[in-house]
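Breakdown of the fold
Listed below, chain by chain, are the residues.
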Amino acid sequence: MINVKEITKATPEVCNSIKTLLTDLTTRETGFDMMRLAEIVANPNTRLFVAYEGEEAVATYTLVAVTSPTGTKVWIEDVVVGGRWQGRGFGRRVVADAIDRSQSLWPQSTVMLTSRPSRVAANHIYATMLQKKETNVYVLKTE
């Protein structure tokens, strides 16, 4: 049984666990390090969670709350289930946990999540738990 914990303190162990999990999300360098971890846990509008099976980190996700004139949106970001743990129902449990926590932390908010179409299994889970919104996403990366 997995145990999902909110990360409230930046530690090397947590940092290394998340870095390892992120390799299953993206092949590009994320720049995730202790400084970014500390920044995340210090931000009151961002909550970081890690799911453990025993002592091993098996998944992670982040909740980010944004309040705008049209209401509060809570984005579920960087959902990752470690490769050897995929296909065992962890993804569904982690997303359900993210939805529950977002509604508990920010009641009357809209829960949002984006995912690349190539992540077929993840998109299947998301489609059974959330409504698909037709929208365009535009990106400008500043370095």
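Residues numbered from 1 in each chain as written. Predicted model: local features only at pLDDT ≥ 70, side-chain atom pairs only at ≥ 80, totals over all residues. Heavy atoms only, no water.

The five strands lie next to each other as E1-E2-E3-E4-E5, forming an open sheet whose pairing is mixed. Each edge of the open sheet is held by one strand with a lone partner, namely strand E1 (2-7) and strand E5 (110-113). For this sheet, the mean angle separating the axes of adjacent strands, direction not counted, is 25°. Here four bridges tie strand E4 (residues 71-81) to E5, and the two strands are oriented parallel to one another. Looking at the pairing, Ile 76 lines up with Leu 113 of E5. Sitting on the sheet, helix H1 (residues 12-22) touches E1, strand E2 (46-53), strand E3 (56-68) and E4, and the angle it makes with E3 is about 90°. In the packing of helix H3 (residues 90-105) onto the sheet, the strands contacted are E1, E2, E3, E4 and E5, and the crossing angle to E3 comes to about 35°. (Pairing = 2+ DSSP bridges. Helix = DSSP H or I, 4+ residues; strand = E, 2+ residues; numbered from the N terminus. Axes fitted to C-alpha atoms, helices over the stretch in contact; angles between N-to-C directions. Contact = heavy atoms within 4.5 Å.)

Helix packing geometry: the angle between the two helix axes and the distance between the axes. Look at H3 against helix H4 (residues 120-129): their axes get within 10 Å of each other, and the N-to-C directions meet at 45°. It follows from the interaxial angle that H3 and H4 lie oblique. As H3 packs across H4, the resulting crossing turns out to be right-handed. Seen from H3, the contacting residues are Gly 91, Arg 92, Val 95, Ala 96 and Ile 99; seen from H4, they are Ile 125, Tyr 126, Thr 128 and Met 129. Taken together, the residues that form the contact of H3 with H4 break down as six nonpolar, two polar and one charged. (Parallel < 35°, antiparallel > 145°, perpendicular 65-115°, else oblique. Left-handed = near helix turned anticlockwise from the far one by under 90°. Nonpolar A, V, L, I, M, F, W, Y, C, P; charged D, E, K, R; others polar.)

In this section: the packing of aromatic side chains. Inspection of the entire model under this criterion finds two aromatic pairs. Summarising the aromatic geometry, the rings of Trp 85 and Phe 90 are spaced 5.5 Å apart at their centres and angled 80° between planes, so their arrangement reads as edge-to-face. You'll find Trp 85 and Phe 90 in the same group, each marked buried. Looking at Lys 5, its charged tip hangs above the ring of Tyr 52, at a distance of 5.2 Å from the centre. (Phe/Tyr/Trp six-rings, centres within 6.5 Å; stacked < 30°, edge-to-face > 60°. Buried < 20%, exposed > 50% of the residue type's maximum accessible area, 1.4 Å probe, protein only. Lys NZ or Arg CZ within 6 Å of the ring centre and 35° of its normal.)

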